[in-house]
Amino acid sequence: MRKRHIREILASLLLAFAVIFGAAAPVITYADSTVSFELPDGQTAVVPVVSDRSQRVFDYARLFSDAEKTEIASRIAKTEAKKKCEIMILTSEDVPVNTGGSGKSYSRLYAEEFMKQNAEKEDAFILEIDMKNRKVVSVGHGKYGQSKYNDEMQKIADSLTNHLKNRQYADAAYAYIQKVDDLDSLLKKLIPTLPSLLISAVLAGITLLILVIIHNSSRAKVEKNLRSDEIEYEQTGHEENYLGTRTEVRHIERSSSSDGDSGGGFSGGGGDFSGGEASF
């Protein structure tokens, strides 16, 4: 019992030293300068600006371990080489709360401004995890800033909420990078999902049923017309004999019709943004 008590005392002392030295350790500063901009309700947002534009992981909310940041940067590098774009991961805990309640959220405005100030390339993505407002934002710029990508950005943001609710912040970053990698992938679009297979099967069954009904209806009409022709028969063709076989050839005139159809950072910080966001 005495040895156990001594071990507990030593463990407590070690923990105390860790807390003391940790508190005394200098806070890592990621930004070389800042840029302030005014929000619609008059509040001011402060965005960090870095001189090293090779950075991709900006963990101001301290959500990732060093090993996770290294892994995130490695995955980003691979996807950037493939997509010819830039991918940034930003975590923040000082985005002002939106008191206006209209227009773009302040989380998204913050992400867009951060991208303007720190991105190297026009074709770029940024994932922002806003811990203060509990928002996740996905934004695209350059060729990915077109309005057609808004739906994709929203789907990406929605897909990350479970990870973030469970505090799986690195997993959310990994998933985001993979989503960007899959964006515009024809192969991914061609691979059917289970819901799409079920929907296709149901639609195929309905189509087959309609075709059977149409076929049976047409067959009934043809049989009815044939019986009528036998009663009111009138020869409209001519006779020909082939090797003693009597053959009647009837020429049936058919009408046809057709219908015609009548007759898609940055230099100057400009450019459009696509985006989506979700709460977690």
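Above this note sits the structure.
For the structure given in this document, a descriptive report is provided here.

Here is what the cut-offs are and how they apply
Residues numbered from 1 in each chain as written. Predicted model: local features only at pLDDT ≥ 70, side-chain atom pairs only at ≥ 80, totals over all residues. Heavy atoms only, no water. Helix = DSSP H or I, 4+ residues; strand = E, 2+ residues; numbered from the N terminus. Buried < 20%, exposed > 50% of the residue type's maximum accessible area, 1.4 Å probe, protein only. Areas by Shrake-Rupley, 256 points an atom, 1.4 Å probe, with all protein chains shown as cover. Salt bridge = Lys/Arg side-chain N within 4 Å of Asp/Glu carboxyl O. Contact = heavy atoms within 4.5 Å. Pairing = 2+ DSSP bridges. Axes fitted to C-alpha atoms, helices over the stretch in contact; angles between N-to-C directions. Parallel < 35°, antiparallel > 145°, perpendicular 65-115°, else oblique. Nonpolar A, V, L, I, M, F, W, Y, C, P; charged D, E, K, R; others polar. Lys, Arg positive; Asp, Glu negative; His and termini not counted. Polar contact = N/O pair within 3.5 Å; in protein donor to acceptor, adjacent residues only side chain to side chain.

### Quick notes on the overall build of the chain
Stage number 1. When helices and strands are tallied, the chain shows eight helices and nine strands.
Stage number 2. The buried share among the 280 residues of the chain stands at 30%.
Stage number 3. Carbon and sulfur atoms make up 55% of the accessible area of the chain, which amounts to about 18,800 Å² in all.

### Notes on the pattern of salt bridges
Stage number 1. Overall, the coordinates contain 11 salt bridges when judged by the stated rule.
Stage number 2. One salt bridge in this structure joins R62 and E93, with 2.9 Å as the shortest N-O distance. Of this pair, R62 sits in the loop between β3 (57–59) and α2 (66–83) while E93 sits in the loop between β4 (86–92) and α3 (106–118), and the two are 31 residues apart along the sequence.
Stage number 3. Linked by salt bridges that have partners in common, R56, E80, E86 and E120 make up one network.

### Concerning the side chain of T161
Stage number 1. Relative to the helices and strands, T161 is located in helix α5 (residues 161–165).
Stage number 2. Once you skip the residues sitting within four places of it in the chain, T161 turns out to touch V136, A278, S279 and F280.

### Re the pairing of strand β9 (residues 273–279)
Stage number 1. Along β9, five of the seven residues are buried, which leaves the element largely enclosed by surrounding structure.
Stage number 2. Where strand β6 (residues 135–141) lies against β9, seven bridges are found, and the strand directions are antiparallel. Paired with S138 across the strands is G276, a residue of β9.

### Side note on the packing of α2 against helix α6 (residues 169–182)
Stage number 1. Closest axis-to-axis distance for the α2/α6 pair is 10 Å, and the angle between their directions is 5°. By the criterion of interaxial angle, the relationship of α2 to α6 is roughly parallel. Packed against α2, whose contacting residues are E68, E71, I72, R75, I76, T79, K82 and K83, the element α6 presents A170, A173, Y174, I177, V180 and D181 at the interface.
Stage number 2. Along the lines of polarity and charge, the residues of the contact of α2 with α6 split into seven nonpolar, one polar and six charged.

### Here we look at the side chain of D59
Stage number 1. Locating D59 in the fold gives a position in strand β3.
Stage number 2. Buried and without a salt bridge, D59 has K69 as its closest oppositely charged side chain, separated by 4.6 Å.
Stage number 3. In this structure the side chain of D59 is engaged in a polar contact, spanning 3.1 Å, whose partner is the backbone nitrogen of R62.

Note that every value here comes from positions in space, so none of it alone points to a role or purpose.
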